[in-house]
Structures are given as C-alpha cells and as structure tokens.
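# Examination of the molecular architecture
Below are the chains, spelled out letter by letter.
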Number of protein chains: 2
Amino acid sequence: MRYLRFNILFFLIFPLLVFAEDGSQLWLRFPAKNGISADQIISKGSSPTLNIARKELSSHWQGQAVELRTENKDKNLKDGYRIVSSPEKIVISAGKEIGLLYGVYHILRWQQTKADLSHLNTIEKPSYDVRVLDHWDNLDGSIERGYAGRSLWKWEDLPGKISPRYEEYARANASVGINSVVLNNVNASPNMLREDYLKKVKVLADIFRPYGIKVYLSVNFSSPKVLGGLQNSDPLNKDVQKWWKDKAAEIYRLIPDFGGFLVKANSEGQPGPQDYGRTHADGANMMADALKPYNGIVMWRAFVYSPSKDDRAKQAYLEFVPLDGKFRDNVIIQIKNGPVDFQPREAFNPLFGALRKTSEMVEFQITQEYLGFSNHLVFLAPLFKETLDSDTYSDGQGSTISKITDGTLRPAKLTAISAVANIGEDTNWTGHHFAQSNWYAFGRLAWNHQLSSEQIADEWIKMTFTDDQNFLNPVKEIMLSSRETAVDYMMPLGLHHIFAGGHHYGPEPWGDYKGGRPDWSPVYYHQADAQGLGFNRTKTGSNAVSQYFPPLNERYGNISTCPENLILWFHHVPWDYTMKDGKTLWDELCYTYDSGVKKVRDYQKTWERMEPYIDKQRFADVQSKLRIQSKDAVWWKDACLLYFQTFSKKPIPYDIERPVHELEDLKKIKLDMGHHN
Amino acid sequence: MRYLRFNILFFLIFPLLVFAEDGSQLWLRFPAKNGISADQIISKGSSPTLNIARKELSSHWQGQAVELRTENKDKNLKDGYRIVSSPEKIVISAGKEIGLLYGVYHILRWQQTKADLSHLNTIEKPSYDVRVLDHWDNLDGSIERGYAGRSLWKWEDLPGKISPRYEEYARANASVGINSVVLNNVNASPNMLREDYLKKVKVLADIFRPYGIKVYLSVNFSSPKVLGGLQNSDPLNKDVQKWWKDKAAEIYRLIPDFGGFLVKANSEGQPGPQDYGRTHADGANMMADALKPYNGIVMWRAFVYSPSKDDRAKQAYLEFVPLDGKFRDNVIIQIKNGPVDFQPREAFNPLFGALRKTSEMVEFQITQEYLGFSNHLVFLAPLFKETLDSDTYSDGQGSTISKITDGTLRPAKLTAISAVANIGEDTNWTGHHFAQSNWYAFGRLAWNHQLSSEQIADEWIKMTFTDDQNFLNPVKEIMLSSRETAVDYMMPLGLHHIFAGGHHYGPEPWGDYKGGRPDWSPVYYHQADAQGLGFNRTKTGSNAVSQYFPPLNERYGNISTCPENLILWFHHVPWDYTMKDGKTLWDELCYTYDSGVKKVRDYQKTWERMEPYIDKQRFADVQSKLRIQSKDAVWWKDACLLYFQTFSKKPIPYDIERPVHELEDLKKIKLDMGHHN
C-alpha cells in the first residue's frame, strides 16, 4: 500500500518534476533545443577542452557558424580570447585552448542576454592569473560556514564513485572563468595529504582539468609531525623540508598540474612556524621550495591575530609588514578584504599596498557567514567592488587594491584573487537562489574587475531568470541595494562584529564572553558606553589609522572627514554628535536600522509582484527566504537599538516603528547552529 | 551567602518598591494627604457602611463639609443617591446606607477628575438592581480563562486567615457600584456547597457586606446526588427538592443576605435537568423555590448548545423560547451578549427580547478569553455598549437590549447585568494595567448604561494615570479605538471563532478537529471555500436570521443591507463580492487585517511618547504588553491571510506589507496554555 501510494504520487507530480525550476541549472539556462550542426563548428584538432567547447556549441549555440582557433599572437591574452563576429561567422581565437572554451561561454552569454550577435567583437584578458574558489569543506562532509547543505565532495565514495555534480560544478566555474579550486577547509586536517585522499583528489583534478581548473589543497602545518611521524614540523628542520618535498613529488606524480597549497598558520589555534620560533616567511618559503620545481604556489593567509592587547584590526599588518621581501616568488599573501573578518562593512585591510616586495591577493567570502547565511538576499558584487576600488594611496592617488593585486601598479610575480565558496550539495547549489549570483559575481570580477555591479546583476538576472524588463529592473534594484540594506539593519555606520557568538547568525551586541579572548566579544568592537559608541582607532585610541597611507590616516583619523559609513569603525562617537544630515548619532543609528527594515519589506513587496514572470518554485523559495530576512531585520533592529539605548538613554525617535521584542527576551535566544551543513 | 545577597538586593531596591506604581491601587488613587476633619462630616448613627463612608471622607476628601443622610423620599432611587453641593457643604442623601457610600465615591471621583466641586448636583439611580461580577475561579485556586494570576480567594486559608485583598476588592467594586459577586466557576464543583466551604464563603460575605456586596455561588446541578448521596438530581424528585431547600436554609443561616445561585446546566458537559428528561424551567424553578423564602434568585444560563446539526448560533433561542413564561419570578435567564461565545464581534443574541414573560440579563466577558488575554490592550466599553444599544425591534423600534433588560421596556420582575471578571492575585489585579479599565467600565455601565465609552475612558484615565491633556487625549484615543483594532487584526467583517483550539490565544483558522464537535472547529465558522468566505445564516443557509425580529431578519438576511462588520457572520460572501468601498471582499479582508496591524503599531508610537507623563513602572509594563500585541497582530494577519489565500487564490494587494511567516510554520505552533492562572 505504501509503495502504491508512492507510485501514484510519483506519477501525479512527475510532470511538475520535469518542468520544476529548482535552481540546479544556475545561470546556465541555454535553449533546450539543439544548437548548430557539427559542420558549422570550425576547429582543428581534438582535446578534452576543445571537445567540451564543441559540445556546448552543438548543444546550445543557435547563431551563425563558429570558428575556434588557437593563435600564438593571442598568447599575451593569457587565458583570454578574441571574438570577431560577422553575420556569417564568429571567430574565437585564443593563446590557449581554455581561452577558446571561455570564448564559447562568452558568446553563449551573449545569446542568453539577447545581445545582437551579428557584429559583436571583443578582446578579453583576465584581471588575475589565479582565480580561486576556497572550499571550507571538511573531510567528514561538513562545511565550515556552509549554508547550502553538506559538501559536494563525497570523499567516502571517491575515487570509485563519481557524482555527476563534479563535472557540473567544473562547467559552472569555467563558464565564469574560475580556474582554481581549493578543495578543503583552511582549518585543514593533516589527513588531506594522506595517499588515499590524494588518490581521491586526483579524480576530481582529472574531471576539472578539461574545464581549465587546477586543484589546490589547504594543508595543516603540522602534517610532517602528525602524518609523517616526524619529531616536529619546524620549517628549518631538514627532515621536515624533505617531508614536504617528498609530499610535493607524490602529489605531482598523481596530479601534474596541481596548483599548490593554501595555508592558515598560527591563526585561531592552527599550528604554524611560530610554534618553533620561526616566522611566517620561514614557513611559507619551506613549502614554496617544495612546490617550486612543479610551478606550484603557496597562498599564505594573513588572517592572523594573537590574544594580545593590541587592536585586532592592526595585527595582520604588524605581523607581515616586517616580513616584506622575505617571501619566495611563488608565495602570495592572501589578505581578507577587511582587517577584522568578512564583516558586512569594514575599512579595507591596510596591509594592501603595504607589502611592496611581496605578492598580495584578496580573500573575499562568498558564503554569507556574517550576512544572514543562505536566508538573506545580499548581492555581494558591491562589497567586492568596494574593496577592489578602494584607493590605498600606497603609490599615490589611484593605488587601488585592484591595481595593487592585478600587477598594474607594480610588476607582479603572481596575481590572484580568491573567495570562500558558498556551494554545497543543495539542489540549487547555494541555498538561496540569489546566492548563486555571488558565485557568479566573484567569477566575473576575478576575470574582469572593471565590470560594474550593475552589469553583473543585469547579465545574471537575464541568464538565471528572464530578460523581461518588468522583472529585470525591479529585481536588479533589489540586488544592487541589498548589501547596503543588510548593513543598515545589521551594523550601520561602521559597527562590526556584534554578531551572536560562534554561529554569527543574528545580533548579540551585549556579547561579553568573560574568560575568552576580549576580541571575540561584541562589546570589544562597539565599545558602547554612556558617552558614545564606536572603536577609537585614532591616535588617542589604538591608532590603527596610522597603518593607512596618507592622506587616509588623516582622513580616517579625523571625525569630521572620516566617511560616515565607517565612523564607528574608527571613532568613539558621542551619542549627541551631529552627523552630516544634522541628526545626532543616536537618531542616525535609529533611522538607519529602521531604514534597513523598511527596505527589506519593500523587497518583499517588489518580489511578490514578480510572480507572473518566473516559475512558481523559485518564486516561492525566494518569497519564503525574504520573509525570514524581514523578520530577522526587525530582530536586528530591536536587539541593537534596545541594547544601545541602555547606554544612550535616549528615546528612539517617535516616528520610527517601535520595537516588538524585549531586550531580555532577545538575550535569551540561543540558536543551535553549531554546524551548518 | 545567598541570604546576604538577597538582603543587599532588597535594600537596594527598597526605595523603588516604596514609590513603585505597581497598579495595585487601581483607579482609587486618592490624595495621600489627609482629608477633612471629623467635624466636617455630618451624619447620624453608626453602621459598618456608614463608617466606611466616613473613613473615605476623612482620609481622602479635601473639599467642603459633607453631610450624609438617609431619606425616605430617596427610596425610589434604590441603591442611588442625590448630591447637592454648595461651596460650603455637599449633601449626599439616599434611601439606603449603601447609597451614601456610593455617593461618597461619586464625589471622590469628582475630586480626582478635577471637577469644580462647588456647584455639582446630581441624582443617580442604578440602571440595574443586580450588578454582578462572575468569577470563574475554581476551588483549587486556578481560574478558568483567568490571565491575572491565581484566584484571589484563598480557600485553603479560609476561614481562619484573611487576605487584606478581600476588602480592597470589595472597596473597588463598591467604588463603581458592583453589588453582587459569584465567587466560583460556572463549571462548578459540587464541593462548593459543602458545609466547610460555606463557612469560608460566609467570611467573604461578612467582609463584602458593608460594601453593599452580596455573594452568590455557581452550583453544580448534580450536587444532590454527588454531595447529598441521593439517587439522582432529578428536579421533580421530592428528595432532590428537599435537598436544595435544606441547603438553602443552611446557607441562609450562615449568610442571611446570600444572593442566590448561578447555574450552567446541560451545557458543555455540565449536568442538568435534561439528564432526567426535564426542562431548563423544571431545573431553574426547583432551585428558585428553594431560594424564594429568603429572596434569593437563580441566574440560569442560556449558553446551551448540543452537538446537533443545527447552527450553534441558533440553539439558545430554540431551547429557551418554548419555555417562555414557565420560569418562576425569581429566575432570570443569563444570556451571553452574542449567540456564539464572547467573540471580538458578534451579532447580538436573538434571545434578547424574544422571552416576553421571562426576565433576561446580559452576560459579558471582561476577562479577555478571545481578545488576547492580558497581553492585548482592548477597552471593552465599546463592545458592552454595542450590545446594550442594539435595537432588537422586539417591541418596535427602540427596543434596545438595555431597555429590555433594565425594565424600561417591559415591567421587570428582576433586573440584572453580569460579566465574567478578569481579576486575579496579580499585584495589578488584572494582568494588563489597561484591563483594569474593563472592570471599571463594566461597573460604571452596570450602574448607568447611558454613559458613553468616551466618558468612562476619560474618567478612568484621569483617576488611574493623570489628567494631563498630553496624556489623556492620545491614550483615550487608543482606548476608544482598541476594540475595533483587535477585531481588525483578529477577525474582521463578522468572522468569528477562528481561534486556536482550547486556549483561544492566537489564530487557527485551519482548525478542523476531526472526531470532535464540528461546532468547536474554526472551519465550521468561517466556511471558506473556493467561492468565498463566511457562514450562510440566511434563508438559504441555517436561517438564523429568522430568529431576529423584523426588520432585522430582512436586513441581516440581505447581503446588500447586512452591516459589513457582520457580513461574514450572516453570509457566505464570494471573494469577488464588491464591498461598499468598491473593494472586493478579498481585498477588503486584506486591508482590514493590515489596518489592525498598523493601528497597534501606532498605539506603540503613541504610548512611547507618554513616557514623560507617568511612572516608569506602568509605562514599561504597558510598553512591553504593546510589543506582544504588535507581534501578535502580525501573527494574526499572516495566519489568516495566508490561510484564506489558499481558497481565494488571489494576491494580497501589493501595497500591503507582506507576510513574514510561513503558513506551514504557523500551523505548527502549539502553545502550552492549558491553564492560565
């Protein structure tokens, strides 16, 4: 009977399943009917990559003939390509085969976004050589800060059993130009380097290779000791050096194009060279030497901070600037966009530009650890752009982070950009349908950081949903304002890290974890007291402003010139301080939180009008997520205003919607969110 | 150490306790300084009631001299009184001593409300002879539908230990003219009539007597069998009749002015005369005969309904109209204001006016079983007035329920009015500070049903909080609109009984308790389907409209003349039906729910502006309750709109704030609210 019911049900819902828009196709929603015929695809030779390019064309391309050719003259384009179109034929040329595949995805994107295909020409050269997705996936299948289900990598099934999603994942990355994948969590298990695991990694590398993707691994600095049985993992110990060299050789035997290592060392409890009195340079160089013969690289994270008394925001700078020039050429320092930790808004990390003889790369976070997990719609391109476009003034005006990291400003040994992925085994890959746009946006910006957020949103919406203007325009408006909205209802005006401890979902500005590190407590970051709010990082405070190049040190250090969206990042501001719009700080804070709430409610209204334009499933999924976001926004507003009010002792301006929570009740909320996967 | 800490804490908060405005004083906030001296109070004789009157004057009256005198010419005023003022003296005269006490409270009210005391004159005569508070208090200290803590009556302590609150309670009642108290739940324990309990009751009766208050008891119809050990409780059984006569004699020996019995029989599982094939008249008359020698009365409840197929709203009428004229003179039929059950809004009960030879009294509910417990601010005077002012047309135009029940329309053998109390042992008596106003309002209307809601709110606010216009006017506006607001966010347009089962807190329009009585399920009452919403009580439906006198039967029965605030009570209305404002029913429903939410948010804004005018404690208590109400309003709106939308299949108008809940999540809410006390 049970089976019978199941079967009946199955046939009833089968038609729905077939046409269900579950988001699994991402932005790759090419026409279902066949593409051009084989004789319309002109190319020489055969290779896995070329075959994929041809298959994409024959399956999905519905325009004129396409010629694919590798050209030596295009080698200067690196992974890039040249497209020359006429009504009869499109010629895609590139220095490498992968460039041809990227070119094919380019014209397919044109087709999807309804460009006029008869006369489009372009030359594309990627902004960065190494365009990396970092997976914080653990070997047990969980994902640190992952909100889209468990890991895509089925380590227990590998190497024997292959999920079809491995190739789908590679294709999606290739379609936006991502060419590097760190498979495992930076909080790395030494087991990752075990022979059996390397054999599993090899399988993934083989699947990814035709899509132009290299695999990298996060490594545990103690691996020689833990895995190799050595006495220690001291980087100056010859045995340790040999262990890494042997391990590199072993890896490259299996994976000849292996990318290299990502290392989190001496950070948040992870082992590192300082355990042996050595420097980060000592540690990184040892690994770099092991990888050098194979052109492998080391991405060494600057996210280090010790429980010292000094302002956490200063510590990466203090640690790494003295080491400038001491790193091997195949080491690149991976620096989080802000000096604290992927907050909704941070000042940019002052380390950018400060290392003059060392390669630097940005680390972004696509997964929304601090931005409402996969519940909140937050389009991150504006956040990414804000960092990349930040002028450090390291080499005078115009020394933007993008120019520092892409080799424009100073000759680069290595250029790279990375972001922590938001991908899991959820059917729609990223939990929230709109979180796909952040994977997409990172890929597009890694390829071309000149793209505007608006361009990226525009093409993503057209590819993922529809180009109907009735949908496109309002939804684009939601996306483009969404990050600022999240800042408004979470932590405006430069507030930061007032999240609930551990899981970082929801507000806990009252968090004061006695006995723990002070810099893990929200009260450390907001410094609220009877006088005012904010972290004094000026000369009279931690003097973190001194880490910025002139004139930023002065600009940030002076309350009247400091940008107001960072004012509480750099200053302890009196409650009665008059903001530029004439409001007091307290009132401004209240109105800004309230504005965040209102904007999310407006998103709900806008979204619900979109029902006629898209499929039922994704409409309902997003509708449901927006409801959570709307409730959460009120939660944030009430928690922060009621808590800060205990210091300001001022009324919330009376034209603002009143709190609906009690502060004491909010303090009791303890979410069981130890693991998100 | 624990004790030490307690003591320190105690001394720290002691100053606060002394001045805390905890609401325990109700509306009796007379000047703290002494009143007039003894020689300024002119009166003859001495009695407990007179002594109270004198004490109130000497403690609190700060005006001219006061003379109190009983006058035979004022006997026609019943419990009423006459006040004649000059700048030198106020003369209060009355036919009975209690009238003098009422008169004293009258001038104290004038004093509190800052009337000009030099020339005020008035003659007051109560609208009803018997002005009853029904306590649904159980012998175990719990209170059915009580939301202000456990019972005031400490049965275990009585008769030996006397709570000071017994007298405070009596004084509060006397101050608004309530003269009758039913001590125990209508779902009565037979034990109430046990000798030991009667001795406890006597103690309360003795305390209440000087305040002009008689005690009554709810009795269990099976008492002769259960308590007396008789074979049955058949009202035609001589032994049973004798048992009740003996019991009456026993009661009156202890309490010579005992008021009588309140009886819930053959209703919701309670025993009654129908258990023996007898009628309600048989049962009521038997008790009436037992009480008659002592001038006791029987209040017999018309709230009966059987699990038959017929519309529950018709059943009291069907049951009682055939018995008209068969009741003894000292029986009065106690009829709930509406034919279902104390809903936020009901059509009035068609039994009013339909019993031409039988005394009828209204039963209201002060305790907010269906109006958000003690969490929601709902001022009930407008609801009480709506019923009392309803024109039944029983004897032509102007046959209002007040005129039917107060003896104006037909010579009355007995006039009475009752309401279920909202009083418990909470420090502020009623849970919500504003719920005190409903106790007050009922008392004032029982005394004078001509008072307007506005007058009552005005004097209550002045007495309870302040006469500062900045507070008075906005808060009065909240109170006067609050009942309509609750209707809007709970069940507008005549919707009813779509509460969560059992506890009746929060929405459960989807409630469909299979296997239970259909008329305990919300779906029975709203009848939502693909066509529309509402209970067809017209000729084509249950024809409940036929129970109303012309022209109401026609007016209610015709969808175009039916008042829109009852349209879903009487009609199954198509979703697309055009309402008077041009909106469809569905849109109207949506906007009305939304309007309810907005109004509560406005109350919050208004209330928070009131902070400067009153004490911190009551300000914060009410602020906190309004937050709950505001959240609950959104809960109601979302639950009802999302649920009804599954039938209407129409979008919620897009300018309305969107739901923040998922219907499926709301359906899972199961509150643990079995007992409220």
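A quick note: this is a predicted structure, and the numbers were derived from the prediction, not measured. (Residues numbered from 1 in each chain as written. Chains lettered and ligands numbered in written order. Predicted model: local features only at pLDDT ≥ 70, side-chain atom pairs only at ≥ 80, totals over all residues. Heavy atoms only, no water.)

## Considering the sheet that holds strand β5 (residues 122-124) of chain B
All names here are of chain B. Strand order in the open sheet formed by five strands is β1-β2-β4-β3-β5, and the pairing between neighbours is mixed. Each edge of the open sheet is held by one strand with a lone partner, namely β1 (41-43) and β5. Here the strands of the sheet are splayed against their neighbours by 15° on average, with no regard to which way each runs. Strand direction decides the pairing type here: strand β3 (residues 81-85) and β5, joined by three bridges, are antiparallel. (Pairing = 2+ DSSP bridges. Helix = DSSP H or I, 4+ residues; strand = E, 2+ residues; numbered from the N terminus. Axes fitted to C-alpha atoms, helices over the stretch in contact; angles between N-to-C directions.)

## Quick word on the packing of helix α13 (residues 453-464) of chain B against helix α14 (residues 469-490) of chain B
Residue and element names in this part refer to chain B. Running from N to C, α13 and α14 cross one another at 130°; their axes reach a closest spacing of 10 Å. Judged on the interaxial angle alone, α14 and α13 are oblique. Of the two elements, α13 crosses α14, and the hand of that crossing is right-handed. For the pair α13 and α14, the contacting residues are Ser-453, Glu-454, Ala-457, Asp-458, Trp-460, Ile-461 and Lys-462 in the first and Phe-471, Leu-472, Val-475, Lys-476, Met-479 and Leu-480 in the second. (Parallel < 35°, antiparallel > 145°, perpendicular 65-115°, else oblique. Left-handed = near helix turned anticlockwise from the far one by under 90°. Contact = heavy atoms within 4.5 Å.)

## Looking at the sheet that holds strand β6 (residues 130-134) of chain A
Residue and element names in this part refer to chain A. Strands sit in the order β6-β7-β8-β9-β10-β11-β12-β13 around a closed barrel of eight strands; the barrel is parallel. Averaged over all pairs of adjacent strands, the angle between strand axes in this sheet comes to 25°, irrespective of strand direction. Summarising the sheet, strand β11 (residues 331-336) and strand β12 (residues 359-365) pair through five bridges and their orientation is parallel. Residue pairing across strands places Ile-332 opposite Ser-359, the latter belonging to β12. This element, helix α8 (residues 280-291), spans β8 (214-219), β9 (260-263), β10 (297-301) and β11 of the sheet and lies at about 160° to β10. Packing of helix α12 (residues 436-447) onto the sheet brings it into contact with β6, β12 and β13 (416-420), and relative to β6 it is tilted by some 160°.

## Focus on the domain arrangement of chain A
Residue and element names in this part refer to chain A. When its domains are assigned, chain A resolves into domain 1 (38-124), domain 2 (130-451) and domain 3 (487-668). On the side of domain 2, 14 residues touch domain 1, which itself brings 14 residues to the contact. Together domain 1 and domain 2 conceal approximately 1,100 Å² of surface at their shared face, both sides included; 50% is due to carbon and sulfur atoms. Broken down residue by residue, the surface that domain 1 buries against domain 2 is led by Tyr-102, Tyr-105 and Arg-109, which jointly contribute 44%. Across the contact surface, domain 1 and domain 2 share two salt bridges. A salt bridge links Asp-79 to Arg-131; its shortest N-O distance comes to 2.7 Å. Linking domain 1 with domain 2 are six residue pairs in polar contact (both at pLDDT 80 or more), by the criterion used here. Mapped onto the side of domain 1 that touches domain 2, the elements with two or more residues apiece are α2 (48-60) and α3 (97-112). Here the side of domain 1 that touches domain 2 is built from residues that sort into seven nonpolar, three polar and four charged. (Domains from an automatic or database assignment. Buried area = accessible area lost by both parts, 1.4 Å probe. Salt bridge = Lys/Arg side-chain N within 4 Å of Asp/Glu carboxyl O. Polar contact = N/O pair within 3.5 Å; in protein donor to acceptor, adjacent residues only side chain to side chain. Nonpolar A, V, L, I, M, F, W, Y, C, P; charged D, E, K, R; others polar.)

## A short note on the interface of chain B and chain A
On the side of chain A, 20 residues touch chain B, which itself brings 20 residues to the contact. Counting the surface chain B buries against chain A, the share from its top three residues, Arg-627, Tyr-654 and Val-660 of chain B, is 30%. Here chain B and chain A share six salt bridges between them. Between Glu-657 of chain B and Arg-601 of chain A there is a salt bridge whose closest N-O contact spans 3.3 Å. Connecting chain B to chain A are 16 residue pairs in polar contact (both at pLDDT 80 or more). Taken together, the residues of the side of chain B that touches chain A sort by class into five nonpolar, four polar and 11 charged.

## Considering the pairing of strand β12 (residues 359-365) of chain B
Residue and element names in this part refer to chain B. Of all the seven residues making up β12, seven are buried; the element is thus mostly covered by neighbouring parts of the structure. Neither face of β12 is left uncovered, since the one carrying Ser-359, Met-361, Glu-363 and Gln-365 and the one carrying Glu-360, Val-362 and Phe-364 both have all their residues buried. The pairing of β12 with strand β13 (residues 416-420) spans four bridges and is parallel. Counted as the bridge partner of Gln-365 is Val-420 from β13. (Buried < 20%, exposed > 50% of the residue type's maximum accessible area, 1.4 Å probe, protein only.)

## Things to note about the nonpolar core
Residues Phe-208, Trp-300, Leu-589, Trp-607 and Phe-644 of chain B are the most contacted members of the largest nonpolar core, which totals 215 residues. Of all the elements, helix α19 (residues 616-648) of chain B adds the most residues to this core, at 13 residues. Look past the residues within four positions of Trp-607 of chain B in its chain and what remains in contact with it is Phe-434, Phe-465, Phe-471, Val-475, Ile-478, Ile-614, Arg-618, Phe-619, Val-622, Gln-623 and Leu-626 of chain B. Of all hydrophobic cores here, the second largest spans 214 residues; its members include Leu-117, Tyr-216, Ile-297 and Tyr-524 of chain A. (Core = buried A, V, L, I, M, F, W, Y, C linked by side-chain atoms within 4.5 Å.)

## Overview of the relation of the copies chain B and chain A
Superposing chain B onto chain A takes a rotation of 180° combined with a translation of 0.0 Å along the rotation axis, leaving an RMSD of 0.0 Å. Taken together, the rotation and translation relating the two chain copies correspond to the operation of a two-fold axis. By C-alpha distance to the rotation axis, the residue of chain B lying nearest is Lys-631 of chain B, at 5.3 Å. (Least-squares fit on C-alpha atoms with pLDDT ≥ 70 in both.)

## Some points on the packing of aromatic side chains
Counted according to the given criterion, the structure contains 88 aromatic pairs over all chains. Taken together, a centroid distance of 5.6 Å and an interplanar angle of 50° make the contact between Tyr-169 of chain B and Phe-208 of chain B tilted. With Tyr-169 of chain B in helix α4 (residues 164-176) and Phe-208 of chain B in helix α5 (residues 195-208), this residue pair connects regions lying 39 residues apart in the sequence. In textbook terms, an aromatic cluster arises when at least three aromatic residues are bridged by ring pairs, as seen for Trp-27, Trp-153, Tyr-166, Tyr-169, Phe-208, Trp-429, Trp-439 and Tyr-440 of chain A. Across from the ring centre of Phe-535 of chain A, 3.8 Å away, lies the NZ or CZ of Arg-537 of chain A, which sits over that ring. Residue placement shows Lys-200 of chain B over the ring face of Tyr-197 of chain B; its charged tip is 5.4 Å from the ring centre. (Phe/Tyr/Trp six-rings, centres within 6.5 Å; stacked < 30°, edge-to-face > 60°. Lys NZ or Arg CZ within 6 Å of the ring centre and 35° of its normal.)

## Things to note about the side chain of Ser-267 of chain A
Residue and element names in this part refer to chain A. Residue position: Ser-267 is located in the loop between β9 and α8. A distance of 2.6 Å separates the side chain of Ser-267 from the backbone oxygen of Phe-303, its partner in a polar contact. For Ser-267, the residues in contact, after removing those within four places along its chain, are Phe-303 and Val-304.

## Description of the pattern of salt bridges
Within this structure, the stated rule accounts for 107 salt bridges over all chains. We note a salt bridge from Arg-658 of chain B to Glu-608 of chain A, for which the minimum N-O separation is 2.8 Å. With one member in each of two chains, Arg-658 of chain B in the loop between α19 and α20 (663-668) and Glu-608 of chain A in helix α18 (residues 585-609) form a pair that bridges those chains. The two residues Arg-658 of chain B and Glu-608 of chain A agree in class, both being buried. The partner of Asp-665 of chain A in a salt bridge is Lys-668 of chain A, with the nearest N and O atoms 3.8 Å apart. Linking Asp-665 of chain A with Lys-668 of chain A, this pair stays in helix α20 (residues 663-668), spanning three residues, or about one helical turn. A relative accessible area of 60% places Lys-668 of chain A in the exposed class.

## Considerations on helix α5 (residues 195-208) of chain A
Residue and element names in this part refer to chain A. The end-to-end C-alpha distance of α5, which contains 14 residues, comes to 20 Å, matching closely the 20 Å that a straight helix rising 1.5 Å per residue would cover. Buried residues of α5: Tyr-197, Leu-198, Lys-200, Val-201, Val-203, Leu-204, Ala-205, Ile-207 and Phe-208, and no others. Against the buried residues of α5 lie α4 (164-176), β8 and α7 (238-254). (Expected span 1.5 Å × (residues − 1).)

## Re unusual backbone geometry
Residue Leu-158 of chain A is joined to Pro-159 of chain A through a cis peptide bond whose omega torsion reads 0°. Inspection of the secondary structure puts Pro-159 of chain A in the loop between β6 and α4. The backbone of Asn-295 of chain B sits at a positive phi, close to 65°, despite the residue not being glycine. As for its placement among the helices and strands, Asn-295 of chain B is situated in the loop between α8 (280-291) and β10 (297-301). Among the residues examined, Asn-295 of chain B registers a relative accessible area of 67% and is labelled exposed. Here the phi dihedral of His-504 of chain B falls at roughly 70°; this positive angle occurs in a residue that is not glycine. With respect to the helices and strands, His-504 of chain B occurs in the loop between α14 and α15 (522-526).

## What to know about the UniProt feature "active site" (unreviewed entry) in chain A
All names here are of chain A. Under the UniProt annotation, "active site" (unreviewed entry) lies at Glu-268, Asp-341 and Glu-369. Summarising the element assignment, Asp-341 is placed in the loop between β11 and β12. Here Asp-341 falls in the buried class, since its relative accessible area comes to 6%. Non-local contacts of Asp-341, meaning those with residues more than four positions away in its chain, are made with Phe-303, Arg-312, Lys-336, Glu-346 and Tyr-370. As for its position among the elements, Glu-369 is in the loop between β12 and α10 (381-388). Using a relative accessible area of 2% as the deciding quantity, one classes Glu-369 as buried. Excluding anything up to four places from it in sequence, Glu-369 contacts Trp-136, Arg-145, Tyr-147, His-503 and His-504. Reaching out from Glu-369, the side chain makes a polar contact with the side chain of Gln-365 at a distance of 2.8 Å. (UniProt positions renumbered as here; feature names shortened; annotations may be inferred.)

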